[in-house]
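Per-entry structural report
The chain contents come next:
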Amino acid sequence: MSAPAVEHVDVLVVGAGLSGIGAAWHLQDKQPGKSYAILEARAASGGTWDLFRYPGIRSDSDLSTFAYAFKPWTGEKAIADGPEILEYIRATARDAGIDQHIRYGHRVVRAAWSSDQARWTVEAERTDTGQTVALTASWLFCASGYYRYDEGFTPRFAGVEDFGGQVVHPQHWPEDLDVSGRRVVVIGSGATAVTLVPALAAQGAHVTMLQRSPSYILPLPSRDPIADRLRKWFGDARGHELTRRKNIWRQRKLYAFCQKRPALARRIIRWVTSKQLPGFDLDTHFTPKYDPWDQRLCAVPDGDLFRALRKGDAEIATDAIDTFTERGLRLASGTELEADVIVTATGLNLLIFGGVEVQVDGAPVAPADTLAFKGMMLSGVPNFAFAIGYTNSSWTLKVDLVCEHLCRVLSHMDARGLDQVVPVAGDAAQETRPLLDFSAGYVQRSLSQLPRQGASAPWHLAMDYREDVEHLRRGPVEDPALRFARRTVDAGGVVPAVEVAA
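This report concerns the structure included in the present document. (Residues numbered from 1 in each chain as written. Predicted model: local features only at pLDDT ≥ 70, side-chain atom pairs only at ≥ 80, totals over all residues. Heavy atoms only, no water.)

Re helix α1 (residues 18-30)
In a regular helix each residue adds 1.5 Å, so 13 residues correspond to 18 Å; α1 covers 18 Å between its end C-alpha atoms and thus fits that length. Taken together, the buried positions of α1 are occupied by Leu18, Ser19, Gly20, Ile21, Gly22, Ala23, Ala24, His26 and Leu27. (Helix = DSSP H or I, 4+ residues; strand = E, 2+ residues; numbered from the N terminus. Expected span 1.5 Å × (residues − 1). Buried < 20%, exposed > 50% of the residue type's maximum accessible area, 1.4 Å probe, protein only.)

Regarding the pattern of salt bridges
A full pass over the atoms with the stated rule returns 34 salt bridges. A salt bridge links Arg327 to Glu338; the nearest nitrogen and oxygen atoms lie 2.7 Å apart. You can see Arg327 sitting in the loop between β14 (321-324) and β15 (328-331) and its partner Glu338 sitting in strand β16 (residues 336-338), a full 11 residues away along the chain. Linked by salt bridges that have partners in common, Arg42, Asp50, Arg53 and Arg90 make up one network. (Salt bridge = Lys/Arg side-chain N within 4 Å of Asp/Glu carboxyl O.)

Here's the deal with empty space enclosed by the protein
Across all of its chains, the model carries two cavities of 30 Å³ or more by this definition. Approximately 60 Å³ is the volume found for the largest cavity. Taken together, Lys374, Gly375, Lys398, Ala457, Pro458, His460, Leu461, Ala462, Glu467, Asp468, His471 and Leu472 make up the lining of the largest cavity. Top element by residues in the lining of the largest cavity is helix α12 (residues 465-474). It accounts for four residues. Looking at the lining of the largest cavity residue by residue, the class counts come to five nonpolar, three polar and four charged. In this structure, the second largest cavity occupies an estimated 40 Å³ of space. Residues that form the lining of the second largest cavity fall into these classes: seven nonpolar, no polar and no charged. (1 Å grid on protein atoms, 1.4 Å probe; cavity = no way out; pocket = protein on both sides within 12 Å on 5 of 7 lines; lining within 4 Å. Points joined across faces, edges and corners; volume = space filled by probe spheres on them. Nonpolar A, V, L, I, M, F, W, Y, C, P; charged D, E, K, R; others polar.)

Right under this line is the structure:
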C-alpha cells in the first residue's frame, strides 16, 4: 500500500499574527490562483496581540499606520488598546476568509529546500498530539516576528528566591492577579513598563517604576481629530489613506529630526516633560544617556503615566538593584522598596524565524551566516521570504510593502516559467553590520543569532518608508544579485534546475 501523498501548497505562511494575516490578504488579492496555508503554533490567531494580556496593553504607534493599508482603522482611539487591535486583526481574517486557511496548533520545526524538486518540505509538530505533519510548498514565508513566545527576558537577580511576594513577567500575566490595595514595583523603563504603571495604578495599586536608566517618553493624544474629520468628509477608506499619509510623513520627519539634531531634540523632549511634571527631578528620572531614537521612543496616550505620577498614584525610582529581599528590593543606594508584587518588565528574548531549522539541499542554514536581501529574503536560501517591520515606525508599514513585493516576484516568475529564485551575495568582502542596527537591550543580546545586512541597497534593511516604497513597490523585480532558475523534466525524470536570465 503506497504512502498517502504529501499536501502541497504554492505558499506556506508561518504565523497567524499581524504579518501572517497581512501576507494572506495580499496573496488572495494579487495572486488569487495561488494556494496557501498558514501554520500557527498557538491555538488562536493574533500573535503578539493574543499572547500579551497584561493590564493596559496597547500599541505604541498610531493605528492609521499600524493598521493595514487595505483595511481602514475606524476605532475611536489613535493609540489603541490590545483587545481592539486583536479584534481588528481577526476581523480582517474573517472578512477575507483567511481564517479558513489557518491550521492552529502546528509548530513548524524544520524546513528543507530541494533544488531538484524546486520546493520546500516542511515539518510541523501538532501541539495537541505531538504528531509530526509534513507539507510541501513552492515558497516559504516566515511571518513569526523575531521574539520568543514561550519566555520573556528576566535578568538574574540576587535573592529572588527570598522574596515573599509574587514575581510576574508581563509576557505571562496571571489572569487572576488582583493588585488593588497592593504595593507593586515594575522593573523597567520601556514601552511595557510605561504602559503597566498607569494601568496598575488605575486598578488601585500603589506603583513604583524602578528603572536602571531613563527612557525618552512623550505624551500623545489618544484621539486624532484630523483623522476623525477626514473619515467624516471622505469616508473610511479615503480618510484612512489620507491619515496614513499624514502620519507617515510626520513619523519620518520626527525620526529624521532626532537623528540630525539630537541635542535640540533632547531639549524639546525635556521641555515637554517639564510641562507634564513641574518641579520633578528630570535630571535623575527623565534624562537618558543615549540620543532620541537610538532606542524607540515611548508614547503615553494623553500623558497617562505623567498623570499617575502627578497624582501620587505612582512613583519613580532610578537606581540599580542590589538584591531581592523577603519584603521587596534593596537598591544599590541602600534604599529599600517594599512590594507585594514585583513585575519584571525587563524585555524580550529574540528568536529569529521562530527557531525553525532550515536546510538547503541537505546543508543546514545558520541565519547569522546569511545576508538580508531587500530586508525580506536571505542570501543562499531559495524561495524564502520573511517579514520584519520597522523599529522606528509602525511595523505594518514594512510588512505591507514586503508582501506586495513578494507578490510581484511571484508574478514575474509565473510570467517567465521560473521555479526558483535565490539572492547571491557576490562580494564576500563587502562591509556588513547587524540586521537590526538598534541599541535596545533585547536586540544587543541576540545579534550573534541574526542575519547580517550590507551597507547599501539591496543588502541593507531600510528603516525609511519612502526608500522602501522605491525599492519594493516601484523598483524592478530583477536585480543582479538574484539568480532565477527553472527545472525541466525529461523521460528520465527531473533534471536539476538551470539558471536562466530573468
